[in-house]
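Coordinate inspection notes
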Amino acid sequence: MTRKPPPTASLLAPRETARRLSTRLGRRSVLGGLAAAGSAWALSACGDGGSSASSAGAEADGKVEDALNIYTWADYDAPEVLSAFQEGGGPTLQIDSYGSNEEMLAKLVAAKGASGYDIVVPTGLFIPQMGSNGFLAELDRSKLPNFANLDPQYLGQTWDPDNTYSVPKDWGTTGFIYDTTVIGRELTSWADFLDAAQKEASGSVSILEDPWEVTCIYLAANGIDPNTSDPAQLQACEDYLVANLAPHLKGFESNPGGSAIAQSTYALMQCWNGDARLGLDGSNEPDKWKYVFPTPTANIWMDNWCITAGAEHPDAAYAFIDQVLEVDTSVQELLYIGYNTGLKDIEAKATAAGLDRAELVFPSEEVVARLTASVLNDGHETIVAILGKIRAAAGA
Amino acid sequence: MTALDDRPGTRRAAPAPARRRRSTSSALLGIWGALVLVFLFLPIAVIVVYSFNTGRLLTSWQGFGFSSYAAGLDRPVIRGAIATSVKAAVGAALLSAVIGSLAGLALARRGGRWAGLLTLLLGLTLVTPEIVDAISLLGWFVSLDSDAGLPLFGNGLVRLVIAHSVLSTAVVTFIVRARVSGMDASLEEAAADLYATPWARFRDITLPLAAPGVLAGGLMAFTLSLDNTIVASFVQLPGGTPWPVYVLSALRAALRPEIAAVSTLMLVLTLVSLAVVALVLRRSGDSATDVARTLTGGG
Amino acid sequence: MLRRLRAPHGALALPAWVFLLAFFVAPVALVFWYSFGEKPGLFGTHSNEVLSFARYGEAADATFLATFWNTLRIALLGTAICLVVALPFAYWVAVKVPTRWRGLLIALVLVPFWTNFLVRTLGWQIALSPEGFVSSGLQALGLRDDPLQVLYTRGAVQLGVVYNYLPLMVLPCYVALERTTASLREASRDLGAGRWRTLTSVTLPLAFPGIAAGCLLVFVPLMGDYVTATVLGGAKGNMVGQLVASQFQTAQNWALGSAMAVLLVVFIAVTVLVAAAVALLVRTAVRRGRRVDLPAVASARVPAPAGGRS
């Protein structure tokens, strides 16, 4: 999940760090976002296949439809929240899952907007382009009374300053988890990750299916800005990962928390903090695992509820989003998925409700201060291609 | 398809040493056969056993119970996926049975250049990699739907039925052709001499004779559709996800025992439909070999 | 009379023509057309404003070729293993097993074929996991000290594809062997041929069309498959079908994906043609060498090619 929420930093990090962080991040993501949006817009204006979304969806008329189709990250909502929404003649939910923003976009673009999905959950950096190309509906805030429950710190992000298209779902960060019975020493950085992958954990490593996250391993380990679009740096990144990481890989796993941690499928896995927690909860021997918020930096991302421009069940979509913004529901969500859902005082409420492994859900100020928000820029096609080459090299 | 097998009535007695060698080789072959059968059934047995797992994850055994069956059948999305699969399979079976049977009759009764070309085309549909069918149909459906303005092709079920029929029409055609080409054309000729209209001839003579082949082909198409994953995952639309695509998607997240439970039920369903075909074919007098040959499309 | 019968029969093929032209020929032609285009920016999938062969250059890069060779190796090895496993089995069913049991055995072979292939693969995944029962069983028996590490290896991929495609090899082989009736084999022996001679000179040559059909039915779908390999093979299961799929499902580059698909089809066709040519040459050579022994029998009873499907 290539995502971002800078303002979290201002909440959690010391005041100075927060100011520095949010200026730095803010300027870069605005510039990057605008540049990418501009080029996409210009390019899509020419060419028959470069079509914007055509929306032929239904109007929101206040009557909740009998179905709702959600396209989201795998295992990303509490099952009891989903079943509660469907109970008592509520809409039937169809939830399909993806492992990267690119995959979600591909589905929408392939269908020229008429994908059939009502709600998608993109990471912040993808929202400007999706919005300006007509894939997302402008939200009617009056249909979301629980919007007021959100902590203002998380609203008005650089990618959607007025929350025209998006409602924060949750935010988190990326790291890795390792089996201490296989890797005896302590790992703390991405450089350690690469080193262990080639030594103790060789042949038992999984990485995410997200191009940004994968290239970030090398870039961060070498002190390079993970958002770089410098061709020389990306070439070096490709050369290193294809030659030195790919041969040691056992799998590409977006959700190690699903079953890989419980089954000890790998000894070393790149994964998101909430997902790691989910995996530890399902494991019979959680103590043998150690999760790392790696230095020097990692992604800080925010995923958002968005309604598609062609949504056929808009009222059900509003009803669902409003439901998950309700305080008790949000706590339930947090207790399951293990990501900060961004409501006011959610940390205290979740802790009171018996949250386990809170240190994974709410990283320390020190950790948050060093994170970098992912940005969509000119390097995007290159990093997508790099991931493809790593896959080929790993399989050869 | 014809009963040409000249099986021996009695086996000639072989000299004693040869018999011993023969029994050794027979025993070895028998062991090999049993091993292959075990190999074929091992993972299915695993799935059936694990469908009674009461744990959260399919893969880690917690205890025996029926909770997964209850949970699987209770979830609207799973029920919806199975309903979509069955509807698409019935639709694909009907569509390809009609198109394929007619083509099979035509090919069996009429040779020539066009017949050869049609056979070639049908053969190509069978050997085209599924991923190629998948991407080409996706692009084609999207074009028909949004560029040509035919909303019919924006319907997920229509897409699935058509896509699966493309994959199975050839199977039906070849099964029916095999069936009909083994039959004598003189009955139809006699009917024609007796001034039966072409339609009456078709209805009263050709169709009843071809019926077992049509049925076998249709059920074959039904099962092929029920099993199809790659093409379905490309052309499907949300809200109309068929069962195999649901399983594929569930692979990404945690695998729950419900998957195994529902799969076991689907297996029983498929077994019943296969048994029905076999029974009908047996009734109509085919030997076991012919049944197998018909079921696999081998002329 | 015959003329009266023929006219309507020709028309019966019309729906098939229309259907295949509309939903097989046209879509594939569309893919062919896309392959000459390009990807117009982040939110476009394809554009044919500028036509070029550039996508083919990109498609046939080192990544594609490496993956293609990997796929080809898995497919050829898979086909070969399927043949080695299936042929004795089919021979056993067709020759050794009493007639009344044959139908049941063939039905049993069909049962796995008709369960969802993903679910079958999952069954293997459970069986082979390091904490699965095969692993603990082997350890309990003292055959292994450490947990089984088969999952997500090339061996697992090979096992999975052999398993999933085995019935497609067994059935045509069985049908072909079943046709080489016992009387032929006995005739061969009466003419003085030994058992081995009978097998290699009579039975196998007669079963050749079935064997060829089986190889084709296993090899071609296997080249385009990628789900089996990914589920069991993890990173080691990267197949060329996955590359094509990811151009459509992730990179949204339909032009490049189409070019890859066209290359895939061309490569498969070339491989099949080369294999067919080699097989025919071998067969001709073998026949020429053997013809003296059993001329009348061998040439009189060659059945029509077994597979309508081939």
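Residues numbered from 1 in each chain as written. Chains lettered and ligands numbered in written order. Predicted model: local features only at pLDDT ≥ 70, side-chain atom pairs only at ≥ 80, totals over all residues.

This paragraph deals with the overall build of chain C. A count of helices and strands for chain C gives 14 helices and zero strands. Along its sequence from the N terminus, chain C presents helices and strands in the succession α-α-α-α-α-α-α-α-α-α-α-α-α-α. The buried share of chain C, taken over its 310 residues, is 55%. A fraction of 74% describes how many contacts in chain C between residues 6 or more apart in sequence connect residues 24 or more apart. (Helix = DSSP H or I, 4+ residues; strand = E, 2+ residues; numbered from the N terminus. Buried ≥ 20, exposed ≤ 12 C-beta atoms within 10 Å, placed from the backbone. Contact = placed C-beta atoms within 7 Å.)

Next up on the list: the overall build of chain B. From N to C terminus, chain B includes 12 helices and zero strands. The order of helices and strands in chain B, counted from the N terminus, is α-α-α-α-α-α-α-α-α-α-α-α. Buried residues in chain B amount to 53% of all 299 residues.

What follows covers the packing of helix H6 (residues 117-128) of chain C against helix H8 (residues 154-179) of chain C. All names here are of chain C. Contact geometry for H6 and H8: axes closest at 11 Å, N-to-C directions at 140°. Compared by their axis directions, H6 and H8 come out oblique. By crossing handedness, the relation of H6 to H8 is classed as right-handed. For the pair H6 and H8, contact is made by Phe-117, Arg-120, Thr-121, Trp-124 and Leu-128 and by Ala-156, Leu-159, Gly-160, Tyr-163 and Asn-164, respectively. In terms of residue class, the contact of H6 with H8 is made up of six nonpolar, three polar and one charged. (Axes fitted to C-alpha atoms, helices over the stretch in contact; angles between N-to-C directions. Parallel < 35°, antiparallel > 145°, perpendicular 65-115°, else oblique. Left-handed = near helix turned anticlockwise from the far one by under 90°. Nonpolar A, V, L, I, M, F, W, Y, C, P; charged D, E, K, R; others polar.)

Tallying the contact residues gives 84 residues for chain C and 81 residues for chain B. Here the element with the most residues in the side of chain C that touches chain B is helix H2 (residues 14-34) of chain C; it accounts for 13 residues. Here the side of chain C that touches chain B is built from residues that sort into 61 nonpolar, 15 polar and eight charged.

Let us look at the confidence of the model for chain C. Residues and elements named next belong to chain C. Predicted confidence across chain C gives a mean pLDDT of 80, with 89% of residues reaching 70 or more. Mean pLDDT in chain C bottoms out at helix H14 (residues 295-300), which sits at 46, and peaks at H2, which reaches 93. Under a pLDDT of 50 for its full length, residues 1-7 has, in the predicted model, seven contacts with residues more than four places off or in other chains. Contacts of residues 294-310 to residues separated by more than four positions or lying in other chains number 41 contacts, the stretch itself having pLDDT below 50. Across the interface, the model reports ipTM at 0.81; the global pTM reads 0.80. (pLDDT = per-residue confidence, 0-100.)

Attention now moves to the pairing of strand E9 (residues 300-307) of chain A. Residue and element names in this part refer to chain A. Most of E9 is tucked away, with eight of its eight residues classed as buried. Every second residue of E9 is oriented toward a common face, with Ile-300, Met-302, Asn-304 and Cys-306 on one face and Trp-301, Asp-303, Trp-305 and Ile-307 on the other, all of them buried. Bridge count for strand E3 (residues 119-120) against E9 is two bridges, and the pairing is antiparallel. For Ile-119, the partnering residue across the bridge sits in E9 and is Ile-307. In the sheet, strand E4 (residues 167-179) pairs with E9 via six bridges, with the strands oriented antiparallel. Across the sheet, Val-167 pairs through a bridge with Trp-305, a residue of E9. (Pairing = 2+ DSSP bridges.)

Residue and element names in this part refer to chain A. As for its position among the elements, Glu-359 is in helix H13 (residues 358-361). The partly exposed category is assigned to Glu-359, around which 13 C-beta atoms lie within 10 Å. The sequence separation of Glu-359 and Asn-273 amounts to 86 residues, and the corresponding C-alpha distance is 9.5 Å.

Below, the discussion takes up the interface of chain C and chain A. Each partner contributes residues to the interface: chain C has 30 residues there, and chain A has 32 residues. Counting residues per element, the ones that place at least two in the side of chain C that touches chain A are helix H4 (62-96) and helix H12 (240-249) of chain C. A total of four residues in the side of chain C that touches chain A trace back to one element, the largest contributor, which is H4 of chain C. Grouping the constituent residues of the side of chain C that touches chain A by class yields 10 nonpolar, 17 polar and three charged.

Bringing the environment of Leu-152 of chain B into the picture now. When you line up the elements, Leu-152 of chain B lands in the loop between helix H5 (130-147) and helix H6 (156-181). Counting along the chain gives 11 residues from Leu-152 of chain B to Phe-141 of chain B, while the straight-line C-alpha distance between them is 9.4 Å.

This part covers the packing of helix H7 (residues 186-193) of chain B against helix H8 (residues 198-227) of chain B. Residue and element names in this part refer to chain B. Across the interface, H7 lies against H8 with an axial gap of 10 Å and an inter-helix angle of 150°. By the angle between their directions, the pair H7 and H8 is classed as roughly antiparallel. Crossing angle aside, the handedness with which H7 passes H8 is right-handed. Residues Leu-187, Glu-188, Ala-191 and Ala-192 of H7 lie in contact with H8, whose contacting residues are Arg-201, Ile-205 and Thr-206. The class makeup of the residues in the contact of H7 with H8 is four nonpolar, one polar and two charged.

Moving on, we get to the nonpolar core. Ranked by internal contacts, the top residues of the largest apolar core, which has 298 residues, are Leu-268 of chain A together with Ala-90 and Cys-173 of chain C. The dominant element in this core, judged by the number of residues it contributes, is H8 of chain C, at 17 residues. Discounting chain neighbours no more than four positions away, the residues touching Ala-90 of chain C are Val-170, Cys-173, Tyr-174 and Leu-177 of chain C. (Core = buried A, V, L, I, M, F, W, Y, C linked by C-beta atoms within 7 Å.)

Here we take up helix H4 (residues 113-127) of chain B. For H4 of chain B, which comprises 15 residues, the first-to-last C-alpha distance of 21 Å matches the rise-based estimate of 21 Å (1.5 Å per residue) to within 8%. Check the buried side of H4 of chain B and you find it contacts helix H3 (76-109) and H6 of chain B together with H2 and helix H10 (195-224) of chain C. (Expected span 1.5 Å × (residues − 1).)

The next point concerns unusual backbone geometry. Residue and element names in this part refer to chain A. Of note, the bond from Thr-295 into Pro-296 is cis; its omega dihedral lies within 30 degrees of zero at 0°. Within the fold, Pro-296 resides in the loop between strand E8 (289-292) and E9. Despite not being glycine, Ser-264 has its phi angle at roughly 50°, a positive value. Looking at where Ser-264 falls in the secondary structure, it is placed in the loop between strand E6 (249-252) and strand E7 (268-272).

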